[in-house]
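A structural walkthrough
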Amino acid sequence: MSTYYNQNTILYYNGEYLKAADARIDLYSQTFHYGYGVFEGIRSYRTESGDTKIFKAVEHYDRLRASAEALNMPYHWSAEELIDATYEVLKQNNLQNAYIRPLVFAPANMGFNKNTESHIVIAVWEMGLFLGEKNLRVMTSPWQRPNPLGFKIHAKATGHYVNSILASQDAKAKGFDEALLIDMNGHVAEGPGANMFYEKDGVVYTPSLGNILPGITRATVIELCEELGIELVEKHFTPAELKTADSAFFCGTAAEVVGFESLDDYTFPQPWENSIGKKLQKIYKAKVTEAGVAVS
Ligand code: PMP
């Protein structure tokens, strides 16, 4: 039927568990017409002990609430009830390694006024470990990230992803694997659906908050650097500066940690196998699956 569901797939929808194939949305939803909705991208993993574990569930549902509040959308769910619902929907679909997509959307409203209610759906589908087997050939995108004076760029709003789609499709049409977007000041911001880091002389750098989505994987990578005693600097930098780096990587819930092979015509000189990114990639994988890891 689709990559994402079949006749048996179950969704959580406004407090009920129902078949994806039977679920209906109102075509007059303000979200559908204007991109006025908020969502999350979460993953669950089968851990070493065989349990199902949603990685950073509280952080993701807290961000969903913060995104809804940033857009003045009514939001009346607790993180706890949505986490319970997510485990239940995973169980009903017999999934452990999954991608989880909660979406909060508006009722019928062809105007711009505030709504008195919101709807929520939580969909899940199978997704195995990704952890970039192949490093990416990245292109500096001519598309900038949306100006934070025009959008609540820290919110994970559906409409922002038109920008991501334009940049990603453009990079692929030009023969690259992925885009890297700059902000309105010409500083490196993020990928269409991932934050980025680079390594130079043993120090790790990442764009400061302000013009990017505050990624939960980004926060995890920062924590891991602290634990490992790796110096981490948040700052603004240009693509030209990035092209003096030893290595670089994207990170995000879906992408996990994935290295850059190149940016435009610049090939990162450090072999990925010896990079801090590779080390973080391995430790990230162990963390999400709750496996022990020997850190060298
Ligand atoms: N930036 C953008 C634009 C994204 O869509 C994502 C994916 N949610 C990220 C960064 C990474 O965020 P996270 O680590 O929370 O998945």
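Up top is the structure these notes are about.
Everything in this summary refers to the structure shown in the same document. Keep in mind it's a predicted model, so treat the numbers as computed, not measured.

Side note on unusual backbone geometry
Phi at Asn14 takes a positive value of approximately 50°, unusual for a residue other than glycine. By relative accessible area, Asn14 is classed as partly exposed at 35%. Look at Lys56: it is not a glycine, yet its phi comes out positive at around 55°. With respect to the helices and strands, the residue Lys56 is situated in the loop between strand S5 (52-54) and helix H2 (57-70). Owing to a relative accessible area of 16%, Lys56 belongs among the buried residues under this scheme.

Looking at a nonpolar patch on the surface
Taken together, the side chains of Ile25, Leu27, Tyr28, Phe32, Tyr34, Met110 and Phe112 define a hydrophobic patch exposed on the protein surface, amounting to about 840 Å² of accessible area. Along the polypeptide, Tyr28 turns up in the loop between strand S2 (16-19) and helix H1 (30-34). Since its relative accessible area comes to 53%, Tyr28 is described here as exposed.

Here's the deal with the nonpolar core
Grouped together as the largest cluster of nonpolar side chains are 30 residues, with contacts concentrated most on Tyr61, Leu71, Met73, Leu82, Ile100, Val104 and Ile122. Residues contacting Leu82, with those up to four places away along its chain left out, are Tyr12, Tyr61, Tyr75, Trp77, Ile120 and Ile122. Core analysis: the next-biggest nonpolar cluster, separate from the first, contains 20 residues, Leu136, Tyr205, Leu242 and Leu263 among them.

Focus: the packing of helix H5 (residues 216-228) against helix H7 (residues 276-288)
Running from N to C, H5 and H7 cross one another at 110°; their axes reach a closest spacing of 11 Å. On the basis of the axis angle, H5 is roughly perpendicular to H7. Two secondary-structure elements touch here, H5 through Thr217, Thr220, Val221, Glu223, Leu224, Cys225, Glu227 and Leu228 and H7 through Leu280, Ile283, Tyr284 and Lys287.

Some points on the packing of aromatic side chains
Under the definition given, this model contains 15 aromatic pairs. On the basis of an interplanar angle of 85° and a centroid distance of 5.1 Å, the ring pair of Tyr75 and Trp77 is categorised as edge-to-face. Judged by its relative accessible area of 13%, Tyr75 falls in the buried class. Trp77 sits in the buried class, given a relative accessible area of 5%. Grouped by ring-pair contacts, the aromatic residues Phe250, Phe260, Tyr266 and Phe268 constitute a single cluster. The side chain of Arg137 reaches across the aromatic face of Phe176, ending 5.4 Å from its centre.

Remarks on the site of the ligand
Taken together, 16 residues are adjacent to the ligand, and Tyr161, Glu190, Ile216, Thr217 and Thr253 come closest. Arg63 places a side-chain nitrogen or oxygen 2.8 Å from an oxygen atom of the ligand. The separation between a nitrogen atom of the ligand and a polar side-chain atom of Lys156 is 2.8 Å. In the complex, the protein chains occlude 96% of the 390 Å² of accessible area that the ligand would expose alone. For the shell around the ligand, a count of residues per class yields five nonpolar, seven polar and four charged.

About the thresholds
Residues numbered from 1 in each chain as written. Predicted model: local features only at pLDDT ≥ 70, side-chain atom pairs only at ≥ 80, totals over all residues. Heavy atoms only, no water. Buried < 20%, exposed > 50% of the residue type's maximum accessible area, 1.4 Å probe, protein only. Helix = DSSP H or I, 4+ residues; strand = E, 2+ residues; numbered from the N terminus. Patch = residues over 30% accessible without salt bridge, like charges linked within 9 Å, V, L, I, M, F, W, Y side chains within 5 Å. Areas by Shrake-Rupley, 256 points an atom, 1.4 Å probe, with all protein chains shown as cover. Salt bridge = Lys/Arg side-chain N within 4 Å of Asp/Glu carboxyl O. Core = buried A, V, L, I, M, F, W, Y, C linked by side-chain atoms within 4.5 Å. Contact = heavy atoms within 4.5 Å. Axes fitted to C-alpha atoms, helices over the stretch in contact; angles between N-to-C directions. Parallel < 35°, antiparallel > 145°, perpendicular 65-115°, else oblique. Phe/Tyr/Trp six-rings, centres within 6.5 Å; stacked < 30°, edge-to-face > 60°. Lys NZ or Arg CZ within 6 Å of the ring centre and 35° of its normal. Near = heavy atom within 4 Å. Polar contact = N/O pair within 3.5 Å; in protein donor to acceptor, adjacent residues only side chain to side chain. Nonpolar A, V, L, I, M, F, W, Y, C, P; charged D, E, K, R; others polar.

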